Each structure stands twice: as structure tokens, then as C-alpha cells.
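Report on the structure
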Amino acid sequence: MLSERRLEVLRAIVQDYVGTEEPVGSKALTERHHLGVSPATVRNDMAALEEEGFIAQPHTSAGRIPTDKGYRLFVDKLTSVKPMTAPERRAIQNFLGGAVDLDDVVGRTVRLLAQLTRQVAVVQYPSLTRSTVRHVELLSLAPARLMLVVITDTGRVEQRHVDCPAPFGESALADLRARLNSRVAGRRFADVPQLVQDLPESFEADDRGTVSTVLATLLETLVEETEERLMIGGTANLTRFGHDFPLVIRPVLEALEEQVVLLKLLGEAEDSGMTVRIGHENAHEGLNSTSVVSVGYGSGGEAVAKLGVVGPTRMDYPGTMGAVRAVARYVGQILAES
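The residue numbers shown here count from 1 along each chain, following its written sequence. Given that this is a predicted model, residues contribute local features only at a pLDDT of at least 70 and side-chain atom pairs are listed and counted only at 80 or more, while totals for whole chains, interfaces and linings are drawn from all residues. Side-chain measures here rest on the full set of heavy atoms in the structure, leaving out hydrogens and waters.

1. Remarks on unusual backbone geometry
Located in the positive-phi region is Glu-21, a residue other than glycine, with phi close to 65°. Along the chain, the position of Glu-21 falls in the loop between α1 (4-20) and α2 (26-32). Each residue is placed in one exposure class: buried if its accessible area under a 1.4 Å probe, protein chains only, is under 20% of its type's maximum, exposed if it is over 50%, and partly exposed if it falls in between. Take Glu-21: its relative accessible area is 38%, and that puts it in the partly exposed class. Positive phi values are uncommon outside glycine, yet Arg-118 reaches one of about 55°. Assignment of secondary structure puts Arg-118 in the loop between α6 (102-117) and β3 (120-124). Residue Arg-118 is classed as partly exposed on the basis of its relative accessible area, which comes to 47%. The helix count covers DSSP runs of H or I at least four residues long, the strand count covers runs of E at least two residues long, and both are numbered beginning at the N terminus.

Take a look at the structure:
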């Protein structure tokens, strides 16, 4: 365990390095921070921090910079994140509140996060597997052709065309719509297959073929959409941090192009708390020089997806964590109201 004083020195090093981009020396630390000890004591503390792997000396400099281990301890010992100011909160609310549909909510969230943190923003679409059916609509397009529309509690809308084995009248369509909604509205997607499996048997023999076809399309929609979708924005922000990436920026950009990598980075939506992965804690090699801050969002108390940012390990962690958490909270409110 580090002493409180050495932890204070580490905090000061992280803050100065993040703020100035320059390796930090003991003289600068004692001048900038009220550490209450002599420069010689600070030098000793820095030597101890270096020996334990919390800071390191870049070969070209007399100063020290935090290591992944140092950033990790800094984040673990954070007692609070930086709150948003009242004008920032209003701006977030107004910007997200203007969204017209789910795609717009996700798009605006990505732009907002990238602007607030000046890093790469990643937002996962609400997962169907964790969503609830709000309504199922059936529309007649031709005597033997229907449109199936599924609307979720998060505002997601899925549409499919259904070619029926025989013409299907308006009264039969209204009957199917009513019976289908009475079984699935307000229920989780994962429960739908079981809820509708015996529905065809409750219809006249002539209509059972069409009812089965509609249900097959509905269940296919649920299966197809288990592949999660993401939106990413602010990639150009990485170019501002060129010197933060040890070799070149390309491995980072390549990793960000892989959806599977990003989904793994954000983590499981069930784990809805704030997650910070630093440097080599990211399994993908291309992202070993980055940190990822993510959190779950959703309506009510349950997370339906994750959002977060990717940036260099030299990151303003309290500010980034505060922004990510605030945006997630507002997106959850908008979904709850939609």
C-alpha cells in the first residue's frame, strides 16, 4: 500500500502530465502543488514510485510520467468525478432533446461525447435482447403481402415484408394484430418465442399458414438483430494526440474499425457501472496505448446498451468519467420519455 503522501505525489504527477504533456520533475511539483514537504522528500517519493512501477522516466527527459499501473491507482483512488456545469448540463439536454428518433439519439450522442471529451466516442444501439416490445403493427400492402413493424421500449423500429401463402383479409389481420399484441406487448424480446408458439392453433385452419408465416418473420427479426450495432465518431480527435501513441496511430485506427473489438471494449451491458480500462488492460494489441471509459445506459434502472470514449492513456480521467456518466444519464431519460 502506498502512503497517503506518496499517493498525493502520484496524483500531482498525473494531473501535471495530463495538463502539460511534459514529463514532470520534483522541482516543478513542489512549486505547483502544496505538498507540504521539501523537494528532497518529493525526490525520494518519486524514486519509490518509480521503483514500484507507478511512474517511469522517458529516455529523453529528466522528468517522470505515469505508467498504466500509475494511472490505474489514480483512477481507483478517485473520490469524485468532475461534475458538469449548469450551462453544460443545459446544452446536453437541449442537444439530445431535439432528437427525432433512435438513430438521431445515437448520432447526437456520439457527436456530443466526442465534442465534450475531445476523444473518440462509441455508442452501442439499445440491444433487442434486453429490450421490451412496445407494439407490433401489421399493415396490408396487397391481398397476400403484409408489412410487420416491431417497436421497442427504447424507440427502436424494425420493419419486414411478409409474403403470405394465401390472401389475408382485413378482419383476420385486425384479429391477428390484437391477439399478437395481447401476448407480447410489454414483454421482453427473449420471452417472445415461448409466448407465441401456440398462437396459430387458435385461428381457423385456412388462416394458420399466414399466421405461422408472420410469426416466423417476427422471430427471424429478433434473431437477426442480436448482432449489435454501434456508432462511432470523433476519430479525427486522435490526430491531436499523435505523440501519445508510441509508434504510429494506425494500429489504433485499425482496431477502431473492428466492430467486434469495440463491443468487447465496451463490455457486457449487464455490467452497467462505470468501467475504465487502461493501456495494457485492453486485450486488443492495437489499443494498448489507449484508455477506454464506458458505462451502461437505459430507461428505468436497467441498462440496454453501453456508451463510452477511447483516448490516450494520458487522459483527464475525472473530466472524461463525469462527461460519460452525464451523457448516459440524459440518454436514459430521453429513452424513458420516448
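2. Things to note about the side chain of Thr-67
Residue placement: Thr-67 occurs in the loop between β2 (65-66) and α4 (68-76). Owing to a relative accessible area of 19%, Thr-67 belongs among the buried residues under this scheme. Residue contacts are counted whenever heavy atoms from the two residues lie within 4.5 Å of one another. What Thr-67 contacts, discounting residues up to four positions off in sequence, is Gly-53, Phe-54, Ile-55 and Ala-56.

3. Things to note about the sheet that holds strand β8 (residues 275-278)
Here five strands make up an open sheet; going across it, the order is β7-β3-β10-β9-β8 and the pairing antiparallel. Edge strands, defined here as strands with exactly one partner in the open sheet, are β7 (230-233) and β8. Strand-to-strand twist in this sheet, taken as the mean axis angle between neighbours without regard to direction, amounts to 15°. We call two strands paired when DSSP finds no fewer than two bridges between them. Here β3 runs beside strand β10 (residues 305-312); their pairing, made up of four bridges, is antiparallel. Residue pairing in the sheet places Val-122 in a bridge with Gly-308 of β10. Running over the sheet, helix α11 (residues 259-266) touches β3, β7, β8, β9 (290-297) and β10 and is turned about 90° from β7. The angle between two axes is taken between their N-to-C directions and runs from 0 to 180 degrees, where each axis is a line fitted to C-alpha atoms and a helix contributes only its stretch in contact. Its contacts with the sheet put helix α12 (residues 317-337) on β8, β9 and β10, and the angle it makes with β9 is roughly 25°.

4. Some thoughts on the layout of surface pockets
Its boundaries defined by the atoms lining it, the second largest pocket holds a volume of some 430 Å³. Breaking the lining of the second largest pocket down by element, the ones donating at least two residues are α6 and α12. Tallying contributions element by element places α12 first for the lining of the second largest pocket, with three residues. The residue inventory of the lining of the second largest pocket, partitioned by class, reads seven nonpolar, four polar and seven charged. In the cavity and pocket records, a cavity denotes points on a 1 Å grid over the protein atoms alone where a 1.4 Å probe fits but cannot get out, a pocket denotes an open set with protein on both sides within 12 Å along at least 5 of 7 lines, and lining residues are residues with an atom within 4 Å of a point. Grid points are joined across faces, edges and corners, and a volume is the space filled by probe spheres set on the points. When residue character is reported, Ala, Val, Leu, Ile, Met, Phe, Trp, Tyr, Cys and Pro are called nonpolar, Asp, Glu, Lys and Arg charged, and the others, Gly included, polar.

5. Here we look at the environment of Met-147
Following the sequence through the fold, Met-147 ends up in strand β5 (residues 145-152). The exposure class of Met-147 is buried, given its relative accessible area of 16%. A C-alpha to C-alpha distance of 5.8 Å links Met-147 and Arg-160, two positions 13 residues apart in sequence. Once you skip the residues sitting within four places of it in the chain, Met-147 turns out to touch Glu-137, Leu-138, Leu-139, Leu-141, Gln-159, Arg-160 and His-161.

6. A short note on the UniProt feature "domain: HTH deoR-type" (unreviewed entry) in the protein chain
UniProt positions are given in the numbering used here, feature names are shortened, and annotations may be inferred rather than shown by experiment. The sites that UniProt annotates as "domain: HTH deoR-type" (unreviewed entry) are residues 34-62. End C-alpha atoms of residues 34-62 are separated by 22 Å, and the span's content is 45% helix alongside 7% strand.

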